[in-house]
Amino acid sequence: MKKSRRKFIQAGVLGGAGIATGGFGLAANAESTANKSKQVGDQAGKGRYLNILILGGTGFIGPHMVREALRRGHRVSLFNRGQTNDSLFPDLPHFVGDRDNGLDSLKGHRWDAVIDNSGYVPRHVADSAALLASAVSHYLYVSTISVYASFLQPNSEDSPLGTMANENNEEVTGETYGPLKALCEKRVAEQIAAEDLTILRPTYICGPGDRTDRFSYWPIRTASGGDMLWPGTRNDPVQIIDVRDLATFTIDCIERKTAGIYNTVTPAGMYDMGQLHDDCLAVSAADMKAIWVDNQFVAQQNLGEGRDLPIWAAPDGEARAVALVDGARAVAAGLNNRPVRETARDTLTWWSTLPAERTASLRAGLSAAREAEALAAWESQKG
Ligand SMILES: NC(=O)c1ccc[n+]([C@@H]2O[C@H](COP(=O)([O-])OP(=O)(O)OC[C@H]3O[C@@H](n4cnc5c(N)ncnc54)[C@H](OP(=O)(O)O)[C@@H]3O)[C@@H](O)[C@H]2O)c1
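Just so it is clear, the model here is predicted, and its values are computed rather than measured. (Residues numbered from 1 in each chain as written. Predicted model: local features only at pLDDT ≥ 70, side-chain atom pairs only at ≥ 80, totals over all residues. Heavy atoms only, no water.)

Draft legend 1. Spatial organisation of helix H13 (residues 368-382). The first and last C-alpha atoms of H13 sit 21 Å apart over 15 residues, in line with the 21 Å expected at 1.5 Å per residue. Among the structural elements, helix H6 (217-223), strand S8 (226-231), strand S11 (288-293) and helix H9 (295-300) are those in contact with the buried residues of H13. Two residues or fewer after H13 comes glycine 383, characterised by a positive phi angle close to 65°. (Helix = DSSP H or I, 4+ residues; strand = E, 2+ residues; numbered from the N terminus. Expected span 1.5 Å × (residues − 1). Contact = heavy atoms within 4.5 Å.)

See below:
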């Protein structure tokens, strides 16, 4: 059952206040947060706040989306298990449950829009989309560029997607993550009318709060100075998206009901390893000396893309076009990408605020020992 809700949203927004107080007893304690931000949010002046449900909200991208929505005067409810950062956003309505057969707490409520951050398993996404299809007027599903079947050539939103050999396999692994997300997209589109559905396909999401350290490795390693191994050449492409730019675009899409599928990436070919090198040096002022090693040496040393050399892809490798995803459609729809230098700078600032046990070691990139070993091998090879 697919229903268009365009009429509803107009009614909803105008009548929002009524519904909010009537429909959402739970919303009472959110009043303070929403009202407080109502005075400051740019939407508030126009009285057009939205009630937004976030499936998730407390990991990495969620908190940025919550804050951006509140900054604009919207009201936000969270749905999650209460296991991740559960002290975050104590003022907001919190619907507790598990995507896996645990959506009961959402029944009987309405929102203007839902942002689905925690959909990895198609059955989960099908269940939440089926439940919320009649309870929201817009559904935004956060997917990933990993849905694409191949990165041997640049992908646009219409490129072939990966498929699951067994569609009942729900185990999320490095292999199945992409094809499962592609199936999740299909499941949500089976329930939500195209004009009420936004699907975002981010690449590496980077910046303050990132739990993977894939982008963070480069400015943080640079800041510790000395000889540093850099793979490939300065011209090797790099593509990321700053989490704050993703959050801004997400709330824009909700407000404007921007339907469709969007690769959310920095423009293809706009940025490369050379610029990353220069930006990391500029924001860290460190005495780092780059030792560029070629792809053959990287392969010979079995220095893995993704883990040891995060966000870099060998130009002759299987993922040669992973940093050349076409992002023109999202830019045309209003996505603004800040300079990557800003992301590098703010990542370093954020990193400096973290507790020692978190910053003791990075979760991606070369360990000091592995890097020293590889650099010694490179020097001896160069002879
Ligand atoms: N990081 C990247 O570079 C990247 C790139 C492309 C796409 N993505 C996409 O970004 C999304 C993840 O971002 P994020 O983790 O930062 O989002 P988030 O919204 O900040 O956090 C994930 C949330 O989901 C909740 N959750 C997890 N499993 C759940 C379950 N079974 N039932 C109910 N709630 C559950 C967690 O809370 P509880 O644990 O308390 O339940 C947490 O609040 C994913 O869709 C991923 O595919 C990420």
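Draft legend 2. Representation of the site of the ligand within the structure. Near the ligand, the surroundings consist of 31 residues, among which Thr58, Arg81, Gln83, Thr84 and Tyr177 are the closest. Take aspartate 98: an N or O atom from its side chain is 3.0 Å from a nitrogen atom of the ligand. Out of a free accessible area of 920 Å², the ligand has 90% covered by protein chains. Where the shell around the ligand is concerned, the elements lending two or more residues are helix H3 (61-71), strand S2 (75-80) and helix H5 (177-189). (Near = heavy atom within 4 Å. Polar contact = N/O pair within 3.5 Å; in protein donor to acceptor, adjacent residues only side chain to side chain. Areas by Shrake-Rupley, 256 points an atom, 1.4 Å probe, with all protein chains shown as cover.)

Draft legend 3. Highlighting the packing of helix H8 (residues 273-284) against helix H11 (residues 340-351). Contact geometry for H8 and H11: axes closest at 9 Å, N-to-C directions at 45°. If you check the angle between H8 and H11, you find them oblique. With respect to the hand of their crossing, H8 and H11 are arranged in right-handed fashion. Of the residues in H11, those touching H8 at Asp278, Asp279, Ala282, Val283 and Ser284 are Val340, Arg341, Ala344, Arg345 and Leu348. Tallied by class, residues from the contact of H8 with H11 come to five nonpolar, one polar and four charged. (Axes fitted to C-alpha atoms, helices over the stretch in contact; angles between N-to-C directions. Parallel < 35°, antiparallel > 145°, perpendicular 65-115°, else oblique. Left-handed = near helix turned anticlockwise from the far one by under 90°. Nonpolar A, V, L, I, M, F, W, Y, C, P; charged D, E, K, R; others polar.)

Draft legend 4. Structural detail: the sheet that holds strand S10 (residues 260-264). Pairing in this open sheet of seven strands is parallel, and the strands run S3-S2-S1-S4-S5-S6-S10 from one edge to the other. Of all strands in the sheet, those with a lone pairing partner are strand S3 (94-96) and S10, marking the two edges. Adjacent strand axes in the sheet meet at a mean angle of 20°, parallel and antiparallel pairs treated alike. (Pairing = 2+ DSSP bridges.)

Draft legend 5. Expanded view of the side chain of threonine 58. Position of threonine 58 relative to the elements: it lies in the loop between strand S1 (51-55) and H3. Residue threonine 58 is classed as buried on the basis of its relative accessible area, which comes to 7%. For threonine 58, the side chain forms a polar contact with the main-chain oxygen of threonine 84, separated by 3.1 Å. For threonine 58, the contacting residues outside a window of four places in its chain are Pro63, Leu78, Asn80, Thr84, Asn85 and Leu88. (Buried < 20%, exposed > 50% of the residue type's maximum accessible area, 1.4 Å probe, protein only.)

Draft legend 6. Inspection of the pairing of strand S4 (residues 113-116) at higher detail. Neither face of S4 is open: one carries Ala113 and Ile115, the other Val114 and Asp116, and all of them are buried. Note: S1 against S4, four bridges, orientation parallel. Note that in S4 the partner of leucine 55 across the bridge is aspartate 116. Between S4 and its parallel partner strand S5 (residues 139-142), the chain crosses via helix H4 (residues 122-132), and the hand of that crossover is right-handed. (Right-handed = clockwise from strand over helix to strand, strands pointing away.)

Draft legend 7. Inspection of the pattern of salt bridges at higher detail. Tallied over the full model, the rule gives 27 salt bridges. Of the charged contacts in the structure, one is a salt bridge between arginine 201 and glutamate 185, with a shortest N-O distance of 2.6 Å. Of the two residues, arginine 201 is situated in strand S6 (residues 197-202) and glutamate 185 in helix H5; the sequence distance between them amounts to 16 residues. Arginine 201 sits in the buried class, given a relative accessible area of 1%. (Salt bridge = Lys/Arg side-chain N within 4 Å of Asp/Glu carboxyl O.)

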